[in-house]
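Next come the chains, spelled out residue by residue.
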Amino acid sequence: MSDAPASHSFPPVDEQLALLKRGVVDLVEEGELRERLESSRKTGRPLRVKLGIDPSSPDIHLGHTVVLRKLRDFQRLGHTVVVLWGTATAMVGDPTGKDKTRPQLTREQVEENKKTYKDQIGRVLDLDRIEERENGEWFDRMSFLDAVALAGGTTVARMLERDSFAKRYQAGQPISLHELVYPLMQGWDSVELKADVELGGTDQLFNLHMGRELQKRQGQPAQICMTMPLLVGLDGVQKMSKSLGNAIGVTDTGTQMFGKSMSLPDEPMRSWMELVTDLSAARIDELLGGHPRDAKVALAHAVVEGYHDRAAADAAVEEFERMFKQGGLPDDIPEVTVEAGDGGALMIAALLAQAGMCQTNSEGRRLVQGGGVKVDDVKIDDPKQAFGAGTYLVQAGKKKFARVTVVG
RNA sequence: GGGCGAAUACCCAAGCGGCCAACGGGGCCAGACUGUAAAUCUGGUGGCUAUGCCUUCGCAGGUUCGAAUCCUGCUUCGCCCA
């Protein structure tokens, strides 16, 4: 280590590789990564590790953190994480994994999302040590002819190799031209950034390869592509996605994270433990060999601890046990005040709706008929039962509680 | 530019003149059970001052005692030919 400047003393290459390879699905090429790490260690030059983020949807969830955590590994080893904001690409829309064209965003939306996004990735990465760039820096200046020249770097056949395009094409679904341009843009970003490594989900492999190709054409060393598995969502089937409603957001409260984690089916527990917690391999085996419920509690605890702290995680466990094993009350019960109508009293269905515990009176009525409503711990059977002025503890289902004050 | 076809509730998808607030599946919500908000089973899933009334089947009109279903125009999308 004496041959490297003190500020860039990297661990031995084998050690770095072992850490970096953990959990990785595709690694193109491992040999190249080793060489790159070796030369970096010799020269003291950190690798430039790129992650492109299109600030298209502003909320990041555990699924995104799989890649971010890998990036953090690089960061901890002393390498440079380059966060590339896809201010230009966000307005094009990445077709990956979509069977439909994505809506395009405006500049303003993109700027706004970027702010929120940055705050959230800060929950995983050390923001003081990232390099931030925007691909608007080069794409805004590129002329149409430049773009055409860029497009000359690949072929239609090459584009159609891509799974999602091929499927859509065969199924007779539309593919807009701009969607074909997207991978080119992403690849060009790598050229501009002189990226050594680019990370992404497994669905990004095609786009990552495009970076390699374009770099080679420009006479640069081709970047190493690494992909991380896609995290399955709370439904245990589809990938985690906010729009599918099966996600845990990094800004969720401890209680929310815990509860949501507990609703994960048993099967994906192992992959969750490996991808979104710091649990060691040995500990994971031990947990999965034991009672599934205990394993899930440990998993949920670890998830909460990663974004809050140990105390919050402990509290979440305790609250969960109390609520679901013993049917007790949650820690925080929202207080709401509602106004009674002319009669000076509110029917339970209307009360639920006005207290925001359901959308409409009819829905409240159904909740009551389904046997899911309790007031002051007494089950309500009649949707017409009315409540006058006073304060009541209202429970709708197992999860929704409120202390409702009715005023006349 | 020409021809053909499609648009149904959160999504997929039946229905093709009255029995339609509209089959079925998914999702979601609730209940039972339990090892958890897993799994499984059951019920619910337009609104309302509710055994009835009102608004829904791309949009606007029309035919009819009566339309999601038939006709006309429009819009959007897809396919085929150019």
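It should be emphasised that the depicted structure is a prediction, and the values quoted were computed from it without experimental measurement.

Trainee: How would you sum up the protein's contact with RNA strand B? Please name residues and give values.
Mentor: The environment of RNA strand B is made up of 27 residues, and the closest members are M262, S263, D266, S362 and R366. Within the contact set of RNA strand B, a phosphate oxygen lies 2.3 Å away from a side-chain nitrogen or oxygen of S362. Measuring from a base nitrogen of RNA strand B, one finds a side-chain N or O atom of R365 at 2.9 Å. Every element with two or more residues in the surface near RNA strand B is listed here: α11 (254-262), α14 (292-307), α15 (310-325) and α17 (361-369). No other element matches α17, which puts 5 residues into the surface near RNA strand B.

Trainee: How would you sum up the sheet that holds strand β12 (residues 390-396)? Please name residues and give values.
Mentor: Spatially, the 5 strands line up as an open sheet ordered β7-β13-β12-β9-β10, and their pairing is mixed. At either margin of the open sheet sits one strand with a lone partner, and together these are β7 (335-339) and β10 (378-379). Two strands pair when backbone bridges link them, and β7 and strand β13 (residues 400-407) are joined in this way by 5 bridges, in the parallel orientation. Within β13, the position partnered with E335 by the bridge is R403.

Trainee: Lay out the packing of helix α3 (residues 62-77) against helix α12 (residues 269-276) in plain terms, naming residues and giving numbers.
Mentor: Two elements in contact, α3 and α12, have axes separated by 9 Å at closest approach and are oriented at 50 degrees. Of the possible angle classes, the one that applies to α3 and α12 is oblique. In this structure, α3 uses L62, T65, V66 and R69 to contact α12, whose residues at the interface are W272, L275 and V276. Tallied by class, the residues present in the contact of α3 with α12 amount to 5 nonpolar, 1 polar and 1 charged.

Trainee: An account of the side chain of Q16 is needed here, citing residue identities and associated values.
Mentor: Of note, Q16 is situated in helix α1 (residues 13-21). In this structure Q16 comes out as buried when scored by relative accessible area, which is 0%. A polar contact of 2.8 Å, which involves the side chain of Q16, links it to the side chain of H79.

Trainee: Kindly report on the domain arrangement of chain A, identifying the contributing residues and their values.
Mentor: The domains assigned to chain A are domain 1 (13-228), domain 2 (232-328) and domain 3 (330-408). Look at where the C-alpha atoms of domain 1 and domain 2 centre, and you get two points 29 Å apart. Both sides of the domain 1 and domain 2 interface together cover about 1300 Å² of buried area, and 60% of this is carbon and sulfur. Three residues, H61, L62 and R69, lead the burial of domain 1 against domain 2; their summed loss comes to 48% of the area buried on that side. Taken together, domain 1 and domain 2 are joined by 3 salt bridges.

Trainee: So what about the nonpolar core? Which residues, and what values?
Mentor: In this structure, L62, I121, F258 and W272 are the most contacted members of the largest nonpolar core, which totals 61 residues. Among the elements that make up this core, the one with the highest residue count is α14 (8 residues). Residue assignment places this core across two domains, with domain 1 (13-228) and domain 2 (232-328) each supplying three or more. Once residues within four sequence positions are removed from consideration, W272 is found in contact with L62, L231, V232, G233, L234, M240, I248, S261, L264, T277 and L299. By size, the runner-up hydrophobic cluster in this structure holds 22 residues, among which are V338, V368, F387 and A402.

Trainee: Which residues make up the sheet that holds strand β4 (residues 130-134), and what values go with them?
Mentor: Strand order in the open sheet formed by 6 strands is β1-β6-β5-β2-β3-β4, and the pairing between neighbours is mixed. Taken across any chain shown, the strands that pair with only one partner, and hence form the sheet edges, are β1 (26-28) and β4. Averaged over neighbouring strand pairs, the angle between their axes works out to 20 degrees when direction is ignored. In this structure, strand β2 (residues 48-53) lies alongside strand β3 (residues 80-85), joined through 6 bridges in parallel fashion. Opposite I53, over in β3, you have W85 as the bridge partner. Of the strands in this sheet, β2, β3, β4, β5 (197-201) and β6 (224-228) are in contact with α3, which crosses β5 at around 155 degrees. Its contacts with the sheet place helix α10 (residues 205-217) against β1, β5 and β6, and it is angled at close to 170 degrees to β6.

Trainee: Hey, could you go over α12 for me, with residue numbers and the actual values?
Mentor: Within the sequence span of α12, burial applies to M269, W272, M273, L275 and V276. On its buried face, α12 is in contact with α3, α11, α13 (281-289) and α14.

Trainee: Residues and numbers for the pattern of salt bridges, please.
Mentor: Summed over all chains, the structure comprises 25 salt bridges. The shortest N-O distance in the salt bridge between R48 and E131 comes to 3.0 Å. Of this pair, R48 sits in strand β2 while E131 sits in strand β4, and the two are 83 residues apart along the sequence. Residue class for R48 comes out buried when judged on its relative accessible area of 17%. The closest approach of N and O atoms between D278 and R72, which form a salt bridge, is 3.9 Å. Of this pair, D278 sits in the loop between α12 and α13 while R72 sits in helix α3, and the two are 206 residues apart along the sequence. Each of R48, E131, R133 and E137 takes part in salt bridges that share partners, so that together they form one network.

Rules and cut-offs
- Residues numbered from 1 in each chain as written.
- Chains lettered and ligands numbered in written order.
- Predicted model: local features only at pLDDT ≥ 70, side-chain atom pairs only at ≥ 80, totals over all residues.
- Heavy atoms only, no water.
- Near = heavy atom within 4 Å.
- Polar contact = N/O pair within 3.5 Å; in protein donor to acceptor, adjacent residues only side chain to side chain.
- Helix = DSSP H or I, 4+ residues; strand = E, 2+ residues; numbered from the N terminus.
- Pairing = 2+ DSSP bridges.
- Axes fitted to C-alpha atoms, helices over the stretch in contact; angles between N-to-C directions.
- Parallel < 35°, antiparallel > 145°, perpendicular 65-115°, else oblique.
- Contact = heavy atoms within 4.5 Å.
- Nonpolar A, V, L, I, M, F, W, Y, C, P; charged D, E, K, R; others polar.
- Buried < 20%, exposed > 50% of the residue type's maximum accessible area, 1.4 Å probe, protein only.
- Domains from an automatic or database assignment.
- Buried area = accessible area lost by both parts, 1.4 Å probe.
- Salt bridge = Lys/Arg side-chain N within 4 Å of Asp/Glu carboxyl O.
- Core = buried A, V, L, I, M, F, W, Y, C linked by side-chain atoms within 4.5 Å.

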